[in-house]
Amino acid sequence: MESYRMQESALESSVGGSYLLIRPTTQTDEDDQSKARCSKITKVVVGMLLFSIVITCTVLSKLSLISLTSQLNDTIGKIRQIELNNSETATATATATAMHNRAAGLFWQLLFIILIPQFVTFFRALFFGVCGKQSRTFPWPTRRAIVTGAVASVFEVAAMTIFVFYVLPRLPSSVAILALGGVFSAQALLDSVYLKWSPFIRHHDYMEVDEHNNSTHPKGWAAAWRKRGARLLENKFSRMISLFLQLASVIVLAVIAALQCDSRDRALVGCGTAFSLLVLGAVWSSKVQQESHRAPKMAERTLGSNVIREREHVLPTAGFKSSFINSSLQIVLYSLITVLLSLVDHDINPLCHNDKCSLSRVFAWTAGTTVSGLSFDTFLIQILSSFFGYAFMWISCTMVLHRWGLALPLYLCTPISFFVCFIVSKCDENFSIVRFSKWCSDSVYLEVALTAGAMLWIGQTSTMCVYVWKKKNLILAKDNAMFLTPRYDGVFLEQYMLLNRQVAKGNKSRGTVAPPVAIDDTPRARTIFVCSTMYREDSEEMKQMLSSVYQLGLHYQKRKDEDPDYRDHFESHIFLDGGASGTQLNYFALQLFSLFGETLHVDPKVFQRIDTPYGCQLSWDVADVMPIYVHLKDSFKVKNKKRWSQVMYMNYVLNFRVKRNIRNLRNWRLWDQRATAAPCDKDDVRMDDNNTFILTTDADIQFTPESATVLLDRLDSDPKVGAVCSRTHPQGSGPLYWYQVFDYAIGHWFQKSAEDILGTVLCCPGCFSVFRCSALRSVLDTYSTEVTSASEFLTKDMGEDRWLCTLLVEKGWRLLYCAISENYTHCPESMDEFFKQRRRWIPSTVANLSLLISHASQITKGNDRISMLFVVFEAIMVFSTAISPATVMMVIAAGFTSSFGIEPTTTIALLLVFCLLYAAVCLYGDPQLQLDIAQVSTLLFSLLMGVVVVGYVINIEQDIQNVTATILNWTGEGARGPLPTFIQPSTIYLFIYVLVFLVATALHPSEWTCILHFIWYIIALPSGYLVLLIYSAANLDNRSWGTREAASSGGQVGVYKSATRIAEKVWTRAMLCLDQCTCRPVIPPLLPPAMPPLPENCKDPLSAPPLPSLAHEADETCFMQPEAGRADLVDRREFQLTADVHRWLDTLECGQYAQCFEQHGYHTVHLIADMKSEDFDALGISERGHRLRIEREAKRLTSLPIERAIPDDVTDWLQKLELQGYSRLFNACGYSSKEDLESVKGLTMDDLKKMGINKRAHQQRLLQGTKRLAYPSAVEVSISQSKVILENSSKQEVEDEDEEKLFWTGLLRTTLEPMKATFMSDVELKGKLKSLRNTVLCVMLLINLMWIVLILTLKIPISGTYKIPEQTLTLLFLFIYTVVLLIQFLAMIVHRCITLVHYLARVGPQSEADAF
């Protein structure tokens, strides 16, 4: 396909000028820079806070550990001194006993420091990986992994025991701090060995860019090997130096530790130091950890009826189940070690003393300082600091602040701890919590030990610094994406966290990366298709959507300029229903085209246009990097409505673009690397179902690039997430808009947040959500099915977005809600449009929730996020919706009782009568009458709710007064009064309700203005939960879309107009009844005049006359004789049938009706295209087959819209109407000049008849033309220019051999081909919908009546003596509602915490936040 570029001269001659492509500089650049600076400052502040917390926790953990080991060494020294003195005095015996107890207590403290992280890991793995609902998604490790983990656990327990109880206490405190870093020596050794056999060559190391043809070629093999050799030597040199420093330091420390201890411990300490550090480093190395947690390479797991095969990088890790096994084994091994030490080591002897064993010694140390001066505070500080240090490291990595919260504090932990230890050890004061062993000033080995420790720290830093500093993970990443194992270590906190840091995808060793990868295996290569559905949106709505797409393109270009490795690819696709009719574009397509230059800043003269099997396709490049495609659907070639547009772009992305990319990728792999050219494809990144996403939008949406990007964070963080939706804000004005502001707010604050936390979001609206292609592929076939039942109509056609999400949930996918992503959409501003919109939303929501509840057992088995408690929660929500009319009635009744003392039964009875009457109107009345009554009743109910609010205020005031009086009575002097007066349950519920909303507002500071519209929500409560529910239930059989059925006029239907229409209809019916009831003489109707003879070729073959009414209409319109002398002023040659009409009729085999069309003025195909059903009736074609054929094919013709303009004169105006034959007639009647157009605009049907214009088509065309006599708006001028551009553009058809045409042709044939209305079971479906409607109404009536009767019955005395407490059911009802509200409230708090973490991770430079 070649781009079409219109010549400038042709454009200037047609539209009077050329279009200048100007990209205006945005005035918000300074604001953006200021916002960026604020974001950086915020990120630095948060990073510094995390750094402070983590460095404090790690230093306290290390120092408290060294303090305990130092005390253990001092205690053992005193025990040995007492044994050496061999004194048997009572004082010596008591001192020895105290020292043994103290040593046992220190042993148990150190042991619990080791065991508590194991217990945390054990219970965490037990809950998430073994017994939790998500446990089945985590595979068990392989047998080889289990054996590897068991062997590693045995060595870890042995090495940890030796190091903590025998090595660490013998070392000076400062040296011990430095010695902890010796565990990295084993990792450095493994890295050096692995580096020898697995050198790393990245894709761009052996690929180069050809700037001439913008393609890539393999570099010469010599250059590639030189690059490989240079990196190999560089890596080997640096790692060998690091390895030498660490191994030498470990050996030196082992020798010094052996020389500084007693002779009988030298062999154990010397060999134990080297053994423990090397063994711990080996078992904690990435290779061993990966082997012990390895899952099967290919796993097949069943989610209900859905079998998913996942690749190794998508399959959940076996870390949880492996950690469960290893932690259990280590807990048992440490128990055995304790028993063994009790039998072998007489210095510590944790269980026995003086040949007496007792388990009481296990927890004797918990008595604080009562055990020989043993301090419990140091132990507690170590445990808490280790746990919170690990927690904040995890949070830092989740927020992509790993440099502040992980790398930097862990690097500085050792020198800071060493400095603190040095200061404390030099002090002579006795610290109560932190006590270290003194420096041995006379030790000749001290300087050597410190030097070795410093070298060890330098080697540690050189080994881990570059890797951990540069290593990044996804925002809100899971444990297996950040760390190798879900655990931490209390002794080697910072060392274990550094070693436990997860390697990058595909990496095989710490500090190195994978062997040569495939040429397509690139991180962060995502493809996002922005797919928008459009119907009849106005220019402002289209404009804000296109502007959002343009901003996304600029953001994409900016990211590519800043980061050469950024390879995300964005495309925009717009699907316009009815955008094309044959070769012509309709008004809305032209309107969309006219906005491209203004919003997308592209040259409208440079575009691609091709004719496709479904209609027409236009394409541009936005910001030179983001292509945008406009798919104009022809309703005669493809199914219309939103769901089928979604089916179109889903199939296009999944079954064409992705499959073609994979096929080309396979060809690329087979490509000879020595060739000079590579296979070409317009998809420059690898696409598969896991890294390809669809961002769905509506045509009136407004969003920012950041809102689109943050949605991808949640999808990247978990491969089981199928879709993510954002926070939607309504746009508009007026009271109805204010109502929807609060309605949208509480829907997102409470409902969506609760669904996200408790289970899964049940609806990701198509207005702005991101879907994973692998998730869509699993449900696409079901989503593309036709409606076969009434319930399917409600789920499929009335709520396609919710049904799609229901299918995803059934297939096991999780759907999320991202609150920091925001979008704005236009909401209904008129009551009619609002009721029609909610008429679709409410039944579809209830139908999908009912489907979820009915399939609960299957869904809970197939989806690890859905539990029966979640299903019960949703069932309560459905039940509360069903009884909301009765609830509203009782609320109004209670308010009237408080305000006027009216009995509740009276108020409820009146409201029931209104509900029944309105339901009858909705069942049998005119649709517009239903909406008019709804508007008037909304106004009346709003006034009544004012009275209700006053009544509740009176109740609250009385409750406060009663409670105050009771408190004063019970707190005063003298006799006590009666029992205290309790507050009414309704007052308590209202207090909780208001408190919850105030706290929710405080947790959403950027949306605090939403709470101001709470009053409108309360006032409109009866309208939203009573009138609207009745209207929705009674119109279940209404199959129309409701909104945007016709071009919006932009006005609103007020209450006054609705009341006027109601009054007119009531007056008409009253007069009709009066006429029928009074005795008046019956006047026979006038006989219609005789029908004039029709042309011979228009007569019915059976000579049956047409209906009298049609004959009368024909007589009045088509056969009235003009005034004398005016017939000659009409140029009849201009009104003869054109060749196109003759050709069209001959094609239909209806050429005999040509004279009939000419007699009625339909002399061009454009006029025939505008014909309606009544126009065909006037033609008098009584042959049913011919009539239906002509009427059907006329709809396929292209009409000629009349543009709003002021022509040069009347003749020019008639030429644009294709009625130039009346020029002489209009001149004779005094209509000729431009000034006379003002008079022409006021012409009526009677005026045209008097002028002698009797042809039906000409009359209609002229009257339409008079309405379009006006100054055009800027939008209409732009549309006219766009029309000229499109008329002068060259069309390009998709060639037969083009695979895209074959794809669309096959898709139309199998799925999207329009179904003939004649052969559809519409009558049967309509009957089923009516039956379902009647059932729903009966069920709603029964439930609400039972609820009202039940509550009212409790207030009636039984047998005259006993009365059930009237508030029993009220308390139960309010208790259930309060529990549901509190559950939503707590879920919202958790969700806000996640949102806060996500927000803090996103502030600052995008390159920092978006990177791995």
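Asker: Run through the packing of aromatic side chains, naming residues and quoting values.
Answerer: As enumerated under the stated definition, the model contains 49 aromatic pairs in all. Ring centres of F119 and F123 lie 6.5 Å apart, and the angle between their planes is 20°; this geometry places the pair in the stacked category. With F119 and F123 both in helix α3 (residues 90-130), this residue pair falls four residues apart, about one helical turn. When its relative accessible area of 31% is taken as the criterion, F119 is described as partly exposed. Here W1144 and F1157 contribute two aromatic rings whose centre-to-centre distance is 6.5 Å and whose plane-to-plane angle is 90°, an arrangement assigned as edge-to-face. One end of the pair, W1144, is in helix α36 (residues 1139-1147); the other, F1157, is in helix α37 (residues 1154-1159), with 13 residues separating them in the sequence. The exposure class of F1157 is buried, given its relative accessible area of 0%. By the ring-pair criterion, three or more aromatic residues cluster together here, those being Y739, F742, F750, F834, F835, Y993, F997, F1014, Y1017, Y1025 and Y1031. R501 extends its terminal NZ or CZ atom over the ring of F483, reaching a point 6.0 Å from the ring centre. Here the basic side chain of K639 rests over the ring of W644, its NZ or CZ set 4.1 Å away from the ring centre.

Asker: Lay out helix α11 (residues 376-398) in plain terms, naming residues and giving numbers.
Answerer: In this model α11 runs 33 Å from its N-terminal to its C-terminal C-alpha over 23 residues, within 8% of the 33 Å that 1.5 Å per residue would give. For α11, the set of buried residues is T378, F379, Q382, I383, S385, S386, G389, Y390, M393, S396, C397 and T398. V400 sits one or two residues past α11 and shows a positive phi near 60°.

Asker: How would you summarise the pairing of strand β11 (residues 606-612) if you had to cite specific residues and measurements?
Answerer: Sheet topology places β11 next to strand β12 (residues 615-622); five bridges connect them, and they run antiparallel. Along β12, the bridge assignment pairs T612 with G615. Between β11 and β12, which follow one another and run antiparallel, lie two residues.

Asker: Go over the nonpolar core, please, and point to the residues and values.
Answerer: In terms of nonpolar packing, the biggest core is built from 94 residues, with M160, F165, F492 and M497 touching the most fellow members. Here this core takes 14 residues from α3, the largest share from any one element. Filtering out sequence-adjacent residues up to four positions away, F165 remains in contact with L72, F107, L110, L111, I114 and R170. Counting residues in hydrophobic clusters, the runner-up holds 61 residues, among them F834, C915, F997 and L1337.

Asker: Break down a nonpolar patch on the surface for me, citing the residues and quoting the values.
Answerer: There is a patch of nonpolar side chains on the surface, built from V147, V151, V154, F155 and F275 and spanning about 420 Å² of accessible area. A per-element tally of the nonpolar patch places helix α4 (residues 143-167) first, with four residues. Along the chain, V151 falls in helix α4. Taking relative accessible area as the criterion, V151 reaches 42% and is therefore assigned partly exposed.

Asker: Describe the environment of I475, and please don't skip the residues or the numbers.
Answerer: When you line up the elements, I475 lands in the loop between α13 (446-470) and α14 (479-482). When its relative accessible area of 2% is taken as the criterion, I475 is described as buried. Considering only alpha carbons, one finds I475 and L715, 240 residues apart in sequence, at a separation of 10.0 Å.

Asker: Before we move on, could you go through the packing of helix α16 (residues 539-562) against helix α17 (residues 587-594) and cite the residues and values that matter?
Answerer: In the contact formed by α16 and α17, the axes pass within 10 Å of each other and the chain directions differ by 45°. As the angle between them shows, α16 and α17 are arranged oblique. The handedness of the crossing between α16 and α17 comes out as right-handed. On α17, the residues touching S539, M542 and L546 of α16 are F588, Q591 and L592. When its residues are assigned to classes, the contact of α16 with α17 shows four nonpolar, two polar and no charged.

Asker: Which residues make up the pattern of salt bridges, and what are the values?
Answerer: Counted according to the given criterion, the structure contains 28 salt bridges. Here R643 ties to D797 by a salt bridge, and the two come within 3.3 Å at their closest N and O atoms. On the criterion of sequence distance, the pair formed by R643 in helix α19 (residues 642-669) and D797 in helix α23 (residues 790-797) is long-range, its members being 154 residues apart. Both residues of the pair, R643 and D797, belong to the buried class. Where D1175 meets R1256, a salt bridge forms, and the shortest distance between an N and an O atom there is 2.7 Å. Placement of D1175 in helix α39 (residues 1173-1179) and of R1256 in helix α45 (residues 1256-1267) is noted, with a sequence separation of 81 residues between them. Under the relative-accessibility criterion, D1175 is labelled buried at 2%. One salt-bridge network, held together by shared partners, links K642, D698, E800 and D801.

Asker: Report on the confidence of the model for the protein, specifying residues and quantitative values.
Answerer: With 73% of its residues at a pLDDT of 70 or more, the protein has an overall mean of 76. Long-range and interchain partners of residues 1-28, a stretch whose pLDDT sits below 50, account for 52 contacts in this model, where long-range means more than four residues apart.

Basis of the calculations
Residues numbered from 1 in each chain as written. Predicted model: local features only at pLDDT ≥ 70, side-chain atom pairs only at ≥ 80, totals over all residues. Heavy atoms only, no water. Phe/Tyr/Trp six-rings, centres within 6.5 Å; stacked < 30°, edge-to-face > 60°. Helix = DSSP H or I, 4+ residues; strand = E, 2+ residues; numbered from the N terminus. Buried < 20%, exposed > 50% of the residue type's maximum accessible area, 1.4 Å probe, protein only. Lys NZ or Arg CZ within 6 Å of the ring centre and 35° of its normal. Expected span 1.5 Å × (residues − 1). Pairing = 2+ DSSP bridges. Core = buried A, V, L, I, M, F, W, Y, C linked by side-chain atoms within 4.5 Å. Contact = heavy atoms within 4.5 Å. Patch = residues over 30% accessible without salt bridge, like charges linked within 9 Å, V, L, I, M, F, W, Y side chains within 5 Å. Areas by Shrake-Rupley, 256 points an atom, 1.4 Å probe, with all protein chains shown as cover. Salt bridge = Lys/Arg side-chain N within 4 Å of Asp/Glu carboxyl O. Axes fitted to C-alpha atoms, helices over the stretch in contact; angles between N-to-C directions. Parallel < 35°, antiparallel > 145°, perpendicular 65-115°, else oblique. Left-handed = near helix turned anticlockwise from the far one by under 90°. Nonpolar A, V, L, I, M, F, W, Y, C, P; charged D, E, K, R; others polar. pLDDT = per-residue confidence, 0-100.

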